[in-house]
Amino acid sequence: MGSIKNFFQQLNVAAECRKYDSPLLACPQFLFILMGVVIIASIIAVHLAASRFAEPEISALIVLFVAAFLLIVGKVIVGSFERLVEVSKAKSNFIAIISHQLREPLSAIKWQTELLLSGDFSGEKGKTGIERIGDQNQKMLNLINNFIIAYQIEDNTIRLEKKHFSLQDLTRDVLAKISPETASADIKINFFAQEGLLPVFADQKKIQTVVEHLTSNSVNYSSPGTAVNIYLKKEGNFIGWSISDSGSGVPETEAKEIFKKFFRSSNVFLYQKGGLGLGLYLAKKLVELNGGRIGFSSIEGKGSTFWFILPTSQTK
Amino acid sequence: MDKITNQNKKNIVIIEDDPELQKSLFAALSVDFNVFQAHEGEGGLRAVFDLKPDLIVLDLILPKKSGFEVLEEIKGKQEFKEIPVIVLSNLEGRAEINRVMALGAKAYLIKAYYDLAEVVKIIKKEFDK
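Residues numbered from 1 in each chain as written. Chains lettered and ligands numbered in written order. Predicted model: local features only at pLDDT ≥ 70, side-chain atom pairs only at ≥ 80, totals over all residues. Heavy atoms only, no water.

Colleague: Is there a simple way to explain the interface of chain A and chain B in this structure?
Modeller: The parts lose accessible area when they come together, and the size of an interface is often stated as this lost area. Each partner contributes to the interface: chain A provides 20 residues, whereas chain B provides 36 residues. Summing the contributions of chain A and of chain B, the shared interface buries around 2300 Å²; its carbon and sulfur component is 53%. Connecting chain A to chain B are five salt bridges. Residue Lys139 of chain A pairs with Asp18 of chain B through a salt bridge whose shortest N-O separation is 3.3 Å. Summed over the shared surface of chain A and chain B, the result is 12 residue pairs in polar contact (both at pLDDT 80 or more). Among the elements of the structure, helix H4 (56–118) and helix H5 (123–155) of chain A are those that each provide at least two residues to the side of chain A that touches chain B. (Contact = heavy atoms within 4.5 Å. Buried area = accessible area lost by both parts, 1.4 Å probe. Salt bridge = Lys/Arg side-chain N within 4 Å of Asp/Glu carboxyl O. Polar contact = N/O pair within 3.5 Å; in protein donor to acceptor, adjacent residues only side chain to side chain. Helix = DSSP H or I, 4+ residues; strand = E, 2+ residues; numbered from the N terminus.)

Structure, rendered in structure tokens:
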């Protein structure tokens, strides 16, 4: 039923072409119709030619064969073309978002500099202004670093510097670093760590990116005045790290997509959320590259728990 | 929300989620205007309905309710639809700009292309009309 409906939907050429924002000659649905006309014309031509030289049955078979062949070829070409147009559309959406996200911190730096230059440089005001410029610069660097890591993962050129380190210390460092963010969001973070935990064996910088991302994600999705709990405990030869919030949770329909690159649930979401849609994708890839596993459980409207485990010793 | 208001000054509501951009805009605009700040769409809409300001500065990518929705709701209400809205965004797609202008915004300014001083000038000009 769905495919029949889909077929009739595709016949609405004008609407479909508008969807891709492309001129008529570059629109898959229009080309499909055009191809149909060419096929019908070819079949008539083949029929006329065949009926001159062959028996009617043979002629009919030739025509049928040619028709089927042309139809299949046509469908394959149009199908692949459609996929290309979809990718290109997704790419331009992506570029629009990227340029927005990269320009925000740069605009903040630009305006802050303008304010500093037009006013008093000295004293506390000037110091705060310069600190703000520094923060925005760091934000910009983080965005670009995440981008580069995603590219390296894709390209298989990522370099890991694994060593033993304490996940407990790393978590404390991250919490200290993001404390202004949690304070302004009015979120309390509780950190519970089992005693006597062994260090993990992984790339510390990369895991720091994971912890930072999962923590600020929980903070961002929590309502002011609520708490977020982080747990650290032994799980066999692994150390388990988890974070639970009582935020909005992950809708069931989105659960499968959440670790995908540049995942954004819908157009509404597109205009309501900052970030690149790279954080959870990177978290998953980085944990897996370090020999661990990552996952989450969530109830919509009640909250989510994101967790990962990392090995305590060199595996494989 | 900023409570200190000056009766002689015009009231402006800024709806902008980026705290740094918000602070810079506040610093530049509060010299000449009474500035009220909101950090997300729903709160921004509430501020507009409560205060009925003389002008609104609106970002587009906002938590809870996007700038498009905020603009649509303001323009959909008889009592508020005449308030001039200046959209300040770093989105530069033709579709976004067309959509905002069709909804009745006064101007679409791309943050990266404008100095703060220019933004202030454009807002002042809006009041001189």
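Text resumes after the structure shown.
Colleague: Can you help me understand the nonpolar core in this one?
Modeller: Buried together is how nonpolar side chains tend to be arranged in soluble globular proteins. Core analysis: the largest hydrophobic core is formed by 41 residues, its most contacted members being Leu167, Ile207, Leu214, Trp241, Phe306 and Phe308 of chain A. Residue-level mapping places this core at the junction of two domains, with at least three residues from each of domain 2 (99–154) and domain 3 (162–311) of chain A. Grouped together as the second largest cluster of nonpolar side chains are 25 residues, Val13, Ala38, Phe68 and Val70 of chain B included. (Core = buried A, V, L, I, M, F, W, Y, C linked by side-chain atoms within 4.5 Å. Buried < 20%, exposed > 50% of the residue type's maximum accessible area, 1.4 Å probe, protein only. Domains from an automatic or database assignment.)

Colleague: Sorry, what's going on with the confidence of the model for chain B here?
Modeller: Caution applies to low-pLDDT parts of the model: their predicted coordinates are not meant to be read in detail. Residues and elements named next belong to chain B. Taken over all residues, the pLDDT of chain B has a mean of 91, while the share at 70 or more is 95%. Mean pLDDT values for the elements of chain B range from 91 in helix H1 (residues 19–29) up to 97 in strand S3 (residues 55–58). Interface confidence in the predicted complex, given as ipTM, is 0.87; pTM for the same model is 0.69. (pLDDT = per-residue confidence, 0-100.)

Colleague: Before we go on, may I ask you to explain the packing of helix H6 (residues 167–177) of chain A against helix H8 (residues 204–220) of chain A in this structure?
Modeller: For any two helices packed against each other, one specifies the crossing angle of their axes together with the interaxial distance. All names here are of chain A. Contact pair H6 / H8: the axes reach a minimum separation of 10 Å and the direction vectors enclose 50°. Considered as vectors, H6 and H8 are oriented oblique to each other. Crossing of H6 over H8 shows right-handed handedness. For the pair H6 and H8, contact is made by Leu167, Leu170, Thr171, Val174, Leu175 and Lys177 and by Gln204, Ile207, Gln208, Val211, Glu212 and Thr215, respectively. Residues belonging to the contact of H6 with H8 are distributed by class as follows: six nonpolar, four polar and two charged. (Axes fitted to C-alpha atoms, helices over the stretch in contact; angles between N-to-C directions. Parallel < 35°, antiparallel > 145°, perpendicular 65-115°, else oblique. Left-handed = near helix turned anticlockwise from the far one by under 90°. Nonpolar A, V, L, I, M, F, W, Y, C, P; charged D, E, K, R; others polar.)

Colleague: Help me out: how do you make sense of the pattern of salt bridges in this one?
Modeller: Pairs may arise between side chains of opposite charge once their charged atoms sit close together. Tallying each qualifying case throughout the model produces 15 salt bridges over all chains. The partner of Arg103 of chain A in a salt bridge is Glu92 of chain B, and the shortest N-O contact between them spans 3.0 Å. Of this pair, Arg103 of chain A sits in helix H4 while Glu92 of chain B sits in the loop between strand S4 (85–89) and helix H4 (94–102), placing the two residues on different chains. The residue Asp115 of chain B makes a salt bridge to Lys110 of chain A at a minimum N-O spacing of 3.0 Å. Of this pair, Asp115 of chain B sits in the loop between strand S5 (107–110) and helix H5 (116–128) while Lys110 of chain A sits in helix H4, on two different chains. With a relative accessible area of 32%, Asp115 of chain B lands in the partly exposed category. A single network of salt bridges, built from pairs that share partners, joins Glu104 of chain A together with Glu16, Asp59 and Lys111 of chain B.

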